[in-house]
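Here's the letter readout for the chains.
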Amino acid sequence: MCAPVHFAVEYAINPWMQPGVRVDRDLAMAQWDALRRTYLDLGHRVDLLDPVPGLPDMVYAANGATVVGGVVLGARFRHRERAAEAVAHREWFRAAGFTRVVEPEFVNEGEGDLLVLGNRAGAVVFAGTGFRTDPRAHAEAAAVLGRPVVSLELVDPCYYHLDTAMAVLDEDTIAWLPEAFTPESQAVLRERFPGALVADPADAAVLGLNAVSDGRHVVLPAEATRLAAELAARGFVPVPVEMSELLKGGGGPKCCTLEVRA
Ligand code: ARG
């Protein structure tokens, strides 16, 4: 995670961002810190990346890399405003002792568009495209991470990253918003996850699908109340968090969280 010390909405690269909107940075920091403490309370470890001045989106740490089995596929951002974040992430992983840290050739926005299901040999990567990640990055991710990649195409600019349109709940289940995908991609997901949880559009519209699951607890935006109830009905434990300030940049809990699969 990366603290929102320099968080602001200074440019607009997704429809949620309204440059000049008032951002309460203290509140953003409090919400981010509550998210961090939520993970600690659930027994997870949280490592911190140093915030860099001039990179207001750096709080969205999920975009900086994708890590599977200790292999780090670095990011390459679509917009120049975020380009330097990728460098900070790669440096962090090298300093932390990761020996395989790859600078990619094609644009990929890390776990924003690359969602990993499982961490064992059988892990599969679901890869989004349409707005940010280059489709050629999907084959690159498969080669670097050594895992099969399933390509999915997004169609709604409000759901510009895969992690705003779909959440991996455990090794067998996802929650998703079908209309955020092309009909072909909908068919792929329907076939693969016949029991998938279909999100109410109102929950998706508060970025409810931008959730982090450890297979049991699902950390999600507090406004996504129907989704929380459906998760509970399926035996998951919903853990609501307030993310109103970070939503102004177009992100929720998952955007603020890069999962390090050592
Ligand atoms: N303002 C950021 C952008 O548009 C938000 C990134 C959200 N991150 C995510 N994983 N969806 O790039």
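Quick caveat, the model's predicted, so the values are computed rather than measured. (Residues numbered from 1 in each chain as written. Predicted model: local features only at pLDDT ≥ 70, side-chain atom pairs only at ≥ 80, totals over all residues. Heavy atoms only, no water.)

(A) Region of interest: the side chain of asparagine 108. Note that asparagine 108 resides in the loop between strand 3 (101-102) and strand 4 (114-117). When its relative accessible area of 1% is taken as the criterion, asparagine 108 is described as buried. Residues contacting asparagine 108, with those up to four places away along its chain left out, are Leu73, Gly74, Ala75, Arg76, Leu114, Thr133 and Ala137. (Helix = DSSP H or I, 4+ residues; strand = E, 2+ residues; numbered from the N terminus. Buried < 20%, exposed > 50% of the residue type's maximum accessible area, 1.4 Å probe, protein only. Contact = heavy atoms within 4.5 Å.)

(B) Representation of the sheet that holds strand 8 (residues 174-176) within the structure. Taken in spatial order, the 3 strands of this open sheet run 7-8-9, and their pairing is mixed. For this open sheet the edge positions go to strand 7 (166-168) and strand 9 (197-198), each flanked by a neighbour on one side alone. Note: strand 8 against strand 9, 2 bridges, orientation parallel. What sits directly across from tryptophan 176, in strand 9, is valine 198. (Pairing = 2+ DSSP bridges.)

(C) Broad picture of the site of the ligand. Of all residues adjacent to the ligand, which total 17 residues, the nearest are Asn14, Arg82, Asp163, Gly249 and Cys255. Within the contact set of the ligand, an oxygen atom lies 2.8 Å away from a side-chain nitrogen or oxygen of arginine 132. Burial of the ligand by the protein amounts to 100% of the accessible area it has alone, namely 350 Å². Grouping the amino acids of the shell around the ligand by side-chain chemistry returns 6 nonpolar, 7 polar and 4 charged. (Near = heavy atom within 4 Å. Polar contact = N/O pair within 3.5 Å; in protein donor to acceptor, adjacent residues only side chain to side chain. Areas by Shrake-Rupley, 256 points an atom, 1.4 Å probe, with all protein chains shown as cover. Nonpolar A, V, L, I, M, F, W, Y, C, P; charged D, E, K, R; others polar.)

(D) A look at the pattern of salt bridges. Inspection of the entire model under this criterion finds 15 salt bridges. Measuring nitrogen to oxygen at the nearest pair gives 3.6 Å for the salt bridge that ties glutamate 103 to arginine 76. Of this pair, glutamate 103 sits in the loop between strand 3 and strand 4 while arginine 76 is found in the loop between strand 2 (71-74) and helix 2 (83-95), placing the two residues 27 residues apart along the sequence. A relative accessible area of 32% means that arginine 76 is categorised as partly exposed. (Salt bridge = Lys/Arg side-chain N within 4 Å of Asp/Glu carboxyl O.)

(E) Structural context of the sheet that holds strand 3. If you walk across this open sheet you meet the 3 strands as 1-2-3, and the pairing is mixed. With one partner strand each, in any of the chains shown, strand 1 (65-68) and strand 3 form the two edges of the open sheet. In this structure, strand 2 lies alongside strand 3, joined through 2 bridges in parallel fashion. Each residue of the ladder has a partner; that of leucine 73, found in strand 3, is valine 102. Against the sheet, helix 3 (residues 136-145) touches strand 1, strand 2 and strand 3, its axis set at about 155° to strand 2. (Axes fitted to C-alpha atoms, helices over the stretch in contact; angles between N-to-C directions.)

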